[in-house]
Amino acid sequence: MADLGVILGDLAAESQAIDDVVAELPASDWARQTPAEGWTIAHQIAHLAWTDRKALIAARGSEADWQAEIEGLLATGESYVDEGAAEGAKTPPRALLEQWRAGRAELAEALAAVPDGQKIPWYGPPMSAASMVTARLMETWAHGQDIFDTLGLPRENTARIWHIARFGTRTRDFAYKLNSLAPPAEEFRVELAAPDGATWAFGPEDAEQRLTGSAVDFCLVITQRRHPDDTDLVATGKDVEEWLGIAQAFAGPPGAGRRPGQFA
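Worth saying up front: this structure is predicted, and the values here are computed from it rather than measured.

J.: Any chance you could explain the pattern of salt bridges here in plain terms?
T.: Close approach of charged atoms allows side chains of opposite charge to pair. In total, this model carries 17 salt bridges according to the counting rule given. Linked through salt bridges whose partners overlap, the residues forming this network are Asp19, Glu98, Arg101 and Arg104.

J.: Sorry, what's going on with the packing of helix α2 (residues 41–60) against helix α4 (residues 80–88) here?
T.: Axis separation between α2 and α4 bottoms out at 8 Å; the angle between their running directions is 110°. Classified by the angle between their axes, α2 and α4 sit roughly perpendicular to one another. Note on packing geometry: the crossing formed by α2 with α4 is right-handed. Counted together, His43, Ala46, His47 and Trp50 of α2 and Tyr80, Val81, Gly84, Ala85, Ala86 and Gly88 of α4 form the full contact between these two elements. Among the residues making up the contact of α2 with α4, the classes are represented as six nonpolar, four polar and no charged.

J.: Is there a simple way to think about the nonpolar core in this case?
T.: Ile120, Ile164, Leu211, Phe218 and Trp243 are the most contacted members of the largest nonpolar core, which totals 50 residues. Within the second largest apolar cluster, 18 residues are counted, among which are Ile18, Ala23, Trp30 and Ala46.

J.: What is the right way to look at helix α7 (residues 161–170) in this model?
T.: Side chains three or four residues apart in an α-helix point the same way, a direct result of the helix having 3.6 residues per turn. Buried residues dominate α7, accounting for seven of its ten residues. Among the residues of α7, those classed as buried are Ile161, His163, Ile164, Ala165, Phe167, Gly168 and Thr169.

J.: Please explain the sheet that holds strand β3 (residues 210–214) as it appears in this structure.
T.: The pairing of strands in a sheet comes from backbone hydrogen bonds and takes either a parallel or an antiparallel form. Strand order across the open sheet formed by four strands is β2-β1-β3-β4, with mixed pairing between neighbours. A single partner strand is all that each edge strand has here, and the edge strands are β2 (199–202) and β4 (234–236). Averaged over all adjacent pairs, the angle separating strand axes in this sheet is 10°, with direction ignored. Relative to β2, strand β1 (residues 189–193) runs antiparallel, the two being bridged by four bridges.

J.: How do you make sense of the environment of Phe263 when you look at a structure like this?
T.: Mapped onto the elements of the fold, Phe263 is located in the segment after α10 (238–246). Expressed as a C-alpha distance, the spacing of Phe263 and Arg94, which sit 169 residues apart in the sequence, is 30 Å. Ignoring any residue separated from it by four or fewer positions in sequence, one finds Phe263 in contact with Pro35, Asp149, Arg225, Arg226, Asp230 and Arg258.

J.: Got a minute to help me understand the pairing of β1 in this structure?
T.: Remember that side chains alternate between the two faces of the sheet whenever the strand is regular. Of the strand pairs in this sheet, β1 and β3 are connected by five bridges, and their pairing is parallel. Within β3, the position partnered with Val190 by the bridge is Leu211. Connecting β1 to the antiparallel partner β2 that follows it, the hairpin turn spans five residues, and Gly197 within it adopts a positive phi of roughly 95°.

J.: Please clarify how the packing of aromatic side chains should be interpreted in this entry.
T.: How two aromatic rings sit relative to each other is given by the distance of their centres and the angle of their planes. Enumeration according to the criterion identifies eight aromatic pairs in this entry. When the ring of Trp122 is compared with that of Tyr123, the centres are 4.8 Å apart and the planes differ by 55°; the resulting orientation is tilted. A cation over an aromatic ring shows up here: Arg172 above the ring of Phe188, its NZ or CZ 4.4 Å from the ring centre. Stacked on the ring of Phe263, the Lys or Arg Arg226 has its end atom at 3.8 Å from the ring centre.

What counts, and at which threshold
- Residues numbered from 1 in each chain as written.
- Predicted model: local features only at pLDDT ≥ 70, side-chain atom pairs only at ≥ 80, totals over all residues.
- Heavy atoms only, no water.
- Salt bridge = Lys/Arg side-chain N within 4 Å of Asp/Glu carboxyl O.
- Axes fitted to C-alpha atoms, helices over the stretch in contact; angles between N-to-C directions.
- Helix = DSSP H or I, 4+ residues; strand = E, 2+ residues; numbered from the N terminus.
- Parallel < 35°, antiparallel > 145°, perpendicular 65-115°, else oblique.
- Left-handed = near helix turned anticlockwise from the far one by under 90°.
- Contact = heavy atoms within 4.5 Å.
- Nonpolar A, V, L, I, M, F, W, Y, C, P; charged D, E, K, R; others polar.
- Core = buried A, V, L, I, M, F, W, Y, C linked by side-chain atoms within 4.5 Å.
- Buried < 20%, exposed > 50% of the residue type's maximum accessible area, 1.4 Å probe, protein only.
- Pairing = 2+ DSSP bridges.
- Phe/Tyr/Trp six-rings, centres within 6.5 Å; stacked < 30°, edge-to-face > 60°.
- Lys NZ or Arg CZ within 6 Å of the ring centre and 35° of its normal.

The following block contains the structure:
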């Protein structure tokens, strides 16, 4: 069973790594365009704060609260994510940063209090508290990557991304369903080189279809921050190749991802 306390600590550390970068930026840099079309650095932080608020409703609110959230989503349509980021990006940078800090702390407290075995509703399938924290870690890391890319800063990845890599393999079938495709019946073997040189392996050791490469590149692909062509990932099997083209660990409509060669 996943250790909720460990994942919460890793989420806090990943959030702080991004906080340390944006906290030093002049206000003008918050308006810089990121690789996500139409999104500035302010949009990226606003989205993280917005999603934390939604997750807090899911974790702490009543069933009626979440039903109202879903009804509001249906009324807005597929633009709800962009609209939430755009609205939050209007907030002055310093105040926006404080909102994100307060919101992520409150969410961590709420998720730590979720009883064992209780599922939390979400825009995709309901999740355990550990899975919800992992999803927040995945999204925080992904939007942080957009910020690092924008600023041209090197990023020190750590063993924290193990949670994201594992989450990426566990959401394989989810990505197929998002694209109205039938998931393969066969499980894949995924072997990844961790940042410290260790090997992380997921799936049956004797699986015929396999994926190998760096854990960082895998996490970049399943969060759609890199096109597979710009990574060292090697797919063995047509189904694995197809998966790389549609992999998506986050909820919501299929994303456009990044162009091949954009980060070559």
